[in-house]
Amino acid sequence: MIRVRIPQKNKEIEVRGPRRVLDILADAGVRPTTVIVTRGKDLLTKDQRVEDGETIDILSVVSGG
Amino acid sequence: MKCKRCGKTPAAVDLPSHHAAFCPDCFFVFFRRQVEDGIRRFSLLAPDDRVLVCVSGGKDSLVLWDVLMELGYRTEGLYIDLGIRGYSDRSKEKVIAYAAGRGKEPIVVDLRAEGAPIPEAARISRKEECAVCGTVKRYFFNRIAAQRAFTVVATGHNLDDEAARLLGNLLHWDGDHLARQHPLLPETSDGLVRKVKPLWRLSELETASYGFLKGIDFVTEECPMSVDATSLVYKEALSLIEDAMPGTRSKFYSGFLRFRNVPEFIAKSGEDDRPAGTCGVCGAPSYTETCGYCRLKEKIRKAMEQR
């Protein structure tokens, strides 16, 4: 399984791999232009494939105020 | 996906709005060029400027400081501690750590020490937190710049911020705010320092990507006061459109900058927007006898006395 963390929402989900970043975002209900997706020190493009056993973070880039 | 610029390295950032994807090194080149173009377009900065960069600890302002230093501008950072328990302390730590890594020390204004922490100021004045925060921040940007002989104040507002603000201003047909919405607000003869927004061409996705790839340790939590900010509603609406039609946000804002002087009501609204005099209490430029910040402080002082 792929571990998907959304730290700003204190949320974590698991999805079956392999799966494209774009599809994982759809699973998590997140709009692609509002986040960056990271794997360790790497930034992932939306077409990148994530494998079972990997952990990725979804970080919102939207600031208010 | 390979980098569209060098064609060799795998891409790390895909930008449908530019029909492009870049590896980290090529993205840095792209990003710096966007900032330089944005500065050049409206002559935001000159090489001999002393730039006061307003930093919150968030991605945009720290990225702005980083890129301006890299472009060779003379900069200092100003951090305003808003007095928001926990959040302000964590943000300040990030700013101080970032600056220390570059051999700098930020100028810090502590609103608790100034008697106007945002949560209390908003409660006592019965105004929205973000509105009070804006008044207080603008006051100190100008005051610190004037006191310490900075020639210009730079803020990290990005394309998403400006497009959201434009949408809000248009939905309300707010001529005064439309007239003042621009990446460059020139200095005035009565003491307002020039204000610039060098990141106006770059999206939040781009500033976040740049910050992450550069290893800048910015605060990722949102200001707890901004949860209900109306700007978030406008951003949400624009991102819905942007996802379906990449590049629309940029066309929306840059089109406004091209045509903003055409509609008659905008031109007229902007005619009387300069402060006519100075505040009788602190001497800052002001429309009224006492400036907005001093009126706010007086309200807080009276409320404290009545406790």
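Reading the values: rules and limits
- Residues numbered from 1 in each chain as written.
- Chains lettered and ligands numbered in written order.
- Predicted model: local features only at pLDDT ≥ 70, side-chain atom pairs only at ≥ 80, totals over all residues.
- Contact = placed C-beta atoms within 7 Å.
- Nonpolar A, V, L, I, M, F, W, Y, C, P; charged D, E, K, R; others polar.
- Pairing = 2+ DSSP bridges.
- Helix = DSSP H or I, 4+ residues; strand = E, 2+ residues; numbered from the N terminus.
- Axes fitted to C-alpha atoms, helices over the stretch in contact; angles between N-to-C directions.
- Left-handed = near helix turned anticlockwise from the far one by under 90°.

(A) Broad picture of the interface of chain B and chain A. On the chain A side, the residues contacting the 27 residues of chain B number 19 residues. Class assignment of the residues belonging to the side of chain B that touches chain A gives a composition of 14 nonpolar, six polar and seven charged.

(B) Focus on the sheet that holds strand β4 (residues 74-81) of chain B. Residues and elements named next belong to chain B. Across the sheet, which stays open at both edges, the six strands sit in the order β5-β4-β3-β6-β8-β7 with mixed pairing between neighbours. Because the sheet does not close on itself, it has two edges, and the strands there are β5 (107-110) and β7 (184-185). Both strand β6 (residues 152-154) and strand β8 (residues 194-196) contribute to a ladder of three bridges, which runs parallel. Each residue of the ladder has a partner; that of Ala-154, found in β8, is Val-196. Helix-sheet contacts for helix α2 (residues 59-70) involve β3 (50-54), β4 and β6, and the interaxial angle to β3 is about 160°.

(C) Spotlight on the packing of α2 of chain B against helix α9 (residues 204-213) of chain B. Residues and elements named next belong to chain B. Between α2 and α9, the least distance of the axes is 9 Å, while the angle of their chain directions is 65°. At the point where α2 passes α9, the crossing takes the left-handed sense. Seen from α2, the contacting residues are Lys-59, Asp-60, Leu-62 and Val-63; seen from α9, they are Thr-207, Ala-208, Tyr-210 and Gly-211. A class-by-class count of the residues in the contact of α2 with α9 yields four nonpolar, two polar and two charged.

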